[in-house]
Amino acid sequence: MKKFTTLTGIAAPLPLVNVDTDMIIPKQFLKTIKRSGLGVHLFADMRYDEDGQEIADFVLNQPRYQGCSILVTGENFGCGSSREHAPWALLDYGIKCVISSSFADIFYNNCFKNGILPIQLPADAVAILTKDAEKGSNARIIVDLADQSVTTADGKTFSFELDPFKKHCLLHGLDDIGLTLEKAEVIDSFESKLALEQPWI
């Protein structure tokens, strides 16, 4: 998993509440266990019409939001089923940070395990960031994980709270496997000792 330190990027506004995981990645695209290739299906029902053509006025299809890496959205983002494909699709598309006033718990935790930073801020702060994001590629939002801050294009800064352990994992690029491998020497030592003391196991 890649380390997350600072991110300066275009933010796309999606001011919808209760965006569930089926909206993020519809169920027909859950047949794969690969983390790559899902970005094209992100928000598929909102991005494409019945003929598979892009819907011009959907935010991710607008030229000024091409290459966006931050999503500013409404409350209760990521609700619904606990599909890990949702953060996979966001990350594969290029979204590395999602800002909202609230998240569904399982989605929130899945983000950290996949290298995405979900930032929870008060609704009034999210409203300001949404307005800033409406400037499109003419503006860049700065996210600093070490300082736990989000800064708008015109210099307004918001601080966010974050669990220290989750912060540590993102800063060092540690998913569950990475955390285990940090203890590789201890594990190897235990296995060697066990093999000597209890060879029948």
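Residues numbered from 1 in each chain as written. Predicted model: local features only at pLDDT ≥ 70, side-chain atom pairs only at ≥ 80, totals over all residues. Heavy atoms only, no water.

**Q** Quick one: what's the story with the state of the cysteines, residue by residue and with numbers?
**A** Tallying each qualifying case throughout the model produces 0 disulfides. Note on Cys97: no disulfide assigned, nearest cysteine sulfur contributed by Cys111 at a separation of 9.3 Å. (Disulfide = S-S within 2.5 Å.)

**Q** Tell me about helix 4 (residues 105-113), and name the residues and values.
**A** Among the residues of helix 4, those classed as buried are Phe107, Tyr108, Asn110, Cys111 and Phe112. Those residues of helix 4 hidden inside the fold are in contact with helix 1 (21-24), helix 3 (85-93), strand 5 (117-120) and helix 6 (164-172). (Buried < 20%, exposed > 50% of the residue type's maximum accessible area, 1.4 Å probe, protein only. Helix = DSSP H or I, 4+ residues; strand = E, 2+ residues; numbered from the N terminus. Contact = heavy atoms within 4.5 Å.)

**Q** Can you break down the pattern of salt bridges residue by residue, with the values?
**A** Summed over all chains, the structure comprises 3 salt bridges. As a salt-bridge pair, Glu134 and Lys131 come within 3.7 Å of each other at their nearest N and O atoms. Residue classification places Glu134 among the partly exposed residues on the basis of a relative accessible area of 36%. As a salt-bridge pair, Asp132 and Lys135 come within 3.1 Å of each other at their nearest N and O atoms. Judged by relative accessible area, Lys135 falls into the partly exposed class, the value being 37%. (Salt bridge = Lys/Arg side-chain N within 4 Å of Asp/Glu carboxyl O.)

**Q** Go over unusual backbone geometry, please, and point to the residues and values.
**A** Even without glycine at this site, Phe43 takes up a positive phi of about 55 degrees. The backbone phi angle of Gln148 is positive, close to 55 degrees, even though this residue is not glycine. Looking at the secondary structure, you find Gln148 in the loop between strand 6 (141-144) and strand 7 (149-151). A residue is classified by how much of its surface remains accessible, and Gln148, at 16% relative accessible area, is buried.

**Q** Quick one: what's the story with the packing of helix 3 against helix 4, residue by residue and with numbers?
**A** Two elements in contact, helix 3 and helix 4, have axes whose closest approach is 9 Å; the angle formed by their N-to-C orientations is 50 degrees. Regarding the angle of helix 3 to helix 4, the classification is oblique. Seen along the crossing, helix 3 lies across helix 4 with a hand that is right-handed. Contacts between helix 3 and helix 4 involve Ala86, Pro87 and Leu90 from the first element and Phe107, Asn110 and Cys111 from the second. Its residues assigned to classes, the contact of helix 3 with helix 4 shows 5 nonpolar, 1 polar and no charged. (Axes fitted to C-alpha atoms, helices over the stretch in contact; angles between N-to-C directions. Parallel < 35°, antiparallel > 145°, perpendicular 65-115°, else oblique. Left-handed = near helix turned anticlockwise from the far one by under 90°. Nonpolar A, V, L, I, M, F, W, Y, C, P; charged D, E, K, R; others polar.)

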